[in-house]
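What the coordinates show
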Amino acid sequence: MNALDVARWQFAITTVYHFLFVPITIGLSGVVAAFHTAWVRTHNPDWLRLTKFFGKLFTINFALGLVTGIVQEFQFGMNWSTYSRFVGDIFGAPLAFEALLAFFLESTFLGLWIFGWGRIPEKLHMWTMWLTHIGTVLSAYFILAANSFMQHPVGYVFNPKTGRAEMHDFIAVLTNKVQLVTFPHVITSAYMVGGSVVMGVGIYLMLKHRDGADGAMYRRATRIGAIVALVASVGVIISGDSQGKIMTEVQPMKMAAAEALYDTPADGTCANFSVLSIGSLDGSKATTIIPVPCLLSFLATGSFSGHVDGINNLKQSEAAYFSTGDAKVPVLVDGKVVDTAIKDVKLDNGKTLLDYTNMPSYTPNIPLAYWMFRFMMGAGFLTMAFAVGLLWVTRAGKSISNKRWMWVAILTPLLPVFANSFGWIFTEIGRQPWIVYGLLGTSSAVSPTVSAASVWFSMIVYTLVYAVLAVVEVKLFLTYTRHGADPFEEPVNPKDVDEDQPLQFAY
Amino acid sequence: MNYQLIWFALIGVLWTAYLVLEGFDFGVGSLLSVLGKGKDAADTEKRRRVMLTTIGPHWDGNEVWLLTAGGATFAAFPVWYATMFSGFYLALFLILMALIVRNMGFEYRHKRDDDTWRRNWDIAIIIGSILPPLLLGVALTNLVRGLPLDAQAEYAGNFFTLLNPMSLLGGLVVLGLSLVHGTHFLAMKTSGEIREQSRALGTRVGLVTTVLAVVLLLWVGLAVGKVSVWVGIVVAAVSLLFGIFMNTKGKEGLAFIGTSVTMAAAVATYFFALYPNVINGKDGKNALSIEAASSTEMTLKIMTGAALVFTPIVLIYTAWSYWVFRKRISTKNIPAAVSVH
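Residues numbered from 1 in each chain as written. Chains lettered and ligands numbered in written order. Predicted model: local features only at pLDDT ≥ 70, side-chain atom pairs only at ≥ 80, totals over all residues.

What chain A contains, in helices and strands, is 14 helices and eight strands. For 507 residues, the compact-globule estimate of 2.2 N^0.38 gives 23 Å, and the C-alpha radius of gyration of chain A, at 25 Å, lies within 12% of that figure. Reported as C-alpha extents along the three principal axes, the dimensions of chain A are approximately 75 × 55 × 40 Å. Residue burial in chain A is summarised as follows: out of 507 residues, 52% are buried. Within chain A, contacts between residues at least 6 apart in sequence are counted, and of these 77% link residues at least 24 apart. (Helix = DSSP H or I, 4+ residues; strand = E, 2+ residues; numbered from the N terminus. Rg over C-alpha atoms; globule rule 2.2 N^0.38 Å. Buried ≥ 20, exposed ≤ 12 C-beta atoms within 10 Å, placed from the backbone. Contact = placed C-beta atoms within 7 Å.)

Below is the structure:
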């Protein structure tokens, strides 16, 4: 593997790992804030116990999401310096906004929440968790705006003098049509994860305490988790459906890869969706085993008779479009924006824009895209089924006692987390070989001065350290889960705190 | 208005905020085993918990200043960000590793009542607090001293190019300043023995740091030879001595302000020495200028607008968070360890 391949592997490993914790952070901070609000409103002891219990699980998870997130911000410059030069004028701003508007908010108010017991008045304390949650959602908005630019660059103009894409319309960058469907999809997925974590942990504790006094409390938490997951999953489906349609429009190759649809259906026939198919490993052909007639046409276009292009057709048309340089991009010419064919854009440094866009192939890894797309949906639908099943068996005051539910307890939090990973792997693999679709090839983006040996070293150490931290994290999470919620303690009013007595919380 | 210059200055402000704030939590973390040593095992554990609790609510927010400095450099000076981050690859990688294990230590150490568990995280916190200021000092000093850059402003050296005497001294000075700053913070935020011992240690470390800092700053001053740089150097040296003196007089707040000003003056000195570049060239060749590194005016204007509106809000709630946790802490305030099996 050369430096480019290792840098790609490292980005994939660190990003997928980071995003195991992100949806839990977003989703669980919302649920904990809601529990805290329920406590402040009702003063029912159960709510405070659940707030503190899920708050601890939240902080165990947040720590890893935070530390692995720092790596992400630095990695663009460290491993992808050509990319950073090429798009920094546009891509840097959402990252700076994310730090200024979101990271400060979530970090500062989470610190206040964790250490605030007995120090901040009750209502204000509840609000610190809501502000933490708002911080996580804002953070998602800005980083997804940056990612959407890579999927579908808008609001920019290419400047041949500086040899880079430059900001033309920041509002267009923030309201990219890909962003407007991706943000709801990611946020609802995160709530699905948050609900599922509460539901999975709740099922375990409900079984453990089925004859005890706490059974009712855990049953209630479990049902809330299931409802959150179920409602969110409806949002995931609706937003995912819009996303599929937008993606077909802006990156037809990605959606063709999602289906391993090699040949464009003849005029007047529709495209089938294959639930299962076997393709050759090099991704040159596929044999469909379970087809659903016309479903792909519907998913991609909203009509059962809609036209969908196949990979072979797209291969030819994209090659013609990009490698000959007939594709047009907005270019700054004498202070004006002129749509110009890529082949006609000459840079001041002697290169042409075609040097950045001409690649041997415009086809992503099709088997990977195909399976990730299916795993994502499969894991999502299975989670929904568990949530529906749980709500059904616990209806009208019933509880569960069958030990088989333990499997559901284990799978429920994991499935939607992995569905998030599968979705992202699909999205990012499907965009290849582009780092910025239609404008910059991934192969041109890597840092020219960082040796393969350096990246090998960092990739191996990241992987080892991340693996160790994952083991520590999961063990701690399970220890706290087994322990369950602490007994109720009357909270201390900040006004009654004496200088010399122990703090409610200390490191 | 020259937005490039404004952002050059603002990046300096962000680094100042980062070093003033995270500087003290680096110091506290680094000294965990030194000032956390009590008369017996139970006392040692309580003292360490006092130290960690003083920075507990704040370290995470403090670290965001680094992320903001990074993000703002990316947005305002993409070429600077690209050259510096890829050029300092291994140094930054080590900083990231150090921050990862340290932050995990802060969050996980108290979550199990187990001596081995705590001892391991203590090691992570101590190493993770010493390495970043040391390496950041090395990296920033290299920017001023001059990096070998090619005509495309790509870094043309390797990891060992960075390990020159001036930059290594720069690393020691930033670490030393963080240690002194950390003792001033602890003296201000604790009571009892830790407070007394922090003050005593602060004076000793402070004098060593002053010697190192004066040598470094004279070295930089003579190499650059600008009036603005000499002003920065004088302010840095005077404020550091003022901080140390106030510490010996028991004026802990003023001591902390003194070392905060030193951090700001040190950053200002470096930025004056860089101007009109963002990275000085080796032997005066191929420097990367503010102008060549910068984003378009449109991006800089958008960023300026965001900074004007949101920085005051951030400062207000950050200040509120410090106000909420303003009380001094002593070993009497430490509750029993959390016991979860």
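Right, picking up where we left off after that structure.
Looking at chain A, pLDDT values average 90 and 97% of them are 70 or higher. When the elements of chain A are averaged for pLDDT, strand 3 (residues 273–279) of chain A gives the smallest value, 67, and helix 4 (residues 122–151) of chain A the largest, 96. (pLDDT = per-residue confidence, 0-100.)

What follows is about the pairing of strand 2 (residues 164–167) of chain A. Looking at chain direction, strand 1 (residues 156–159) of chain A and strand 2 of chain A are connected through four bridges and run antiparallel. Bridging across to strand 2 of chain A, Tyr156(A) finds its partner in Met167(A). (Pairing = 2+ DSSP bridges.)

This part takes up the packing of helix 6 (residues 177–208) of chain A against helix 12 (residues 366–393) of chain A. Residue and element names in this part refer to chain A. As a packed pair, helix 6 and helix 12 sit with axes 11 Å apart at the nearest point and diverge in direction by 50 degrees. In terms of orientation, helix 6 lies oblique with respect to helix 12. Classified by chirality, the crossing of helix 12 by helix 6 is left-handed. In contact with Met192, Ser196, Met199 and Ile203 of helix 6, helix 12 contributes Thr383, Ala387 and Leu390. For the contact of helix 6 with helix 12, the residue count by class is five nonpolar, two polar and no charged. (Axes fitted to C-alpha atoms, helices over the stretch in contact; angles between N-to-C directions. Parallel < 35°, antiparallel > 145°, perpendicular 65-115°, else oblique. Left-handed = near helix turned anticlockwise from the far one by under 90°. Nonpolar A, V, L, I, M, F, W, Y, C, P; charged D, E, K, R; others polar.)

Each side of the interface is counted separately: chain B has 62 residues, and chain A has 56 residues. Of all the secondary structure elements, the ones that give two or more residues to the side of chain B that touches chain A are helix 3 (41–55), helix 4 (59–76), helix 5 (78–87), helix 6 (89–108) and helix 13 (297–324) of chain B. A total of 13 residues in the side of chain B that touches chain A trace back to one element, the largest contributor, which is helix 6 of chain B. Classifying every residue of the side of chain B that touches chain A by side-chain character gives 36 nonpolar, 19 polar and seven charged.

Residues and elements named next belong to chain B. For the pair helix 8 (residues 165–189) and helix 9 (residues 193–224), the least separation of the axes is 8 Å and the interaxial angle reads 155 degrees. In terms of orientation, helix 8 lies roughly antiparallel with respect to helix 9. The crossing of helix 8 and helix 9 is left-handed. Its residues assigned to classes, the contact of helix 8 with helix 9 comprises 18 nonpolar, eight polar and two charged.

Moving on, we get to the environment of Thr352(A). Residue and element names in this part refer to chain A. By the secondary structure assignment, Thr352 is in the loop between strand 6 (336–341) and helix 11 (354–357). For the pair Thr352 and Pro160, spaced 192 residues apart in the sequence, the C-alpha separation amounts to 8.6 Å. Among residues more than four places away in sequence, those in contact with Thr352 are Val345, Lys346 and Leu347.

In this section: unusual backbone geometry. Of the consecutive residues Gln432(A) and Pro433(A), the connecting peptide bond is found in the cis state with omega at 5 degrees. Note that Pro433(A) resides in the loop between helix 13 (405–431) and strand 7 (434–436). Note the cis peptide between Tyr275(B) and Pro276(B), where omega equals 5 degrees. Tracing the sequence through the fold places Pro276(B) in the loop between helix 11 (252–274) and strand 1 (277–279). Phi at His43(A) is positive, roughly 55 degrees, even though this residue is not glycine. A tally of 11 C-beta atoms within 10 Å means that His43(A) is categorised as exposed. The phi angle at Ala153(B) is positive, at roughly 65 degrees, despite the residue not being glycine. Considering the arrangement of structural elements, one finds Ala153(B) in the loop between helix 7 (115–145) and helix 8. You can call Ala153(B) buried: it has 23 C-beta atoms within 10 Å.

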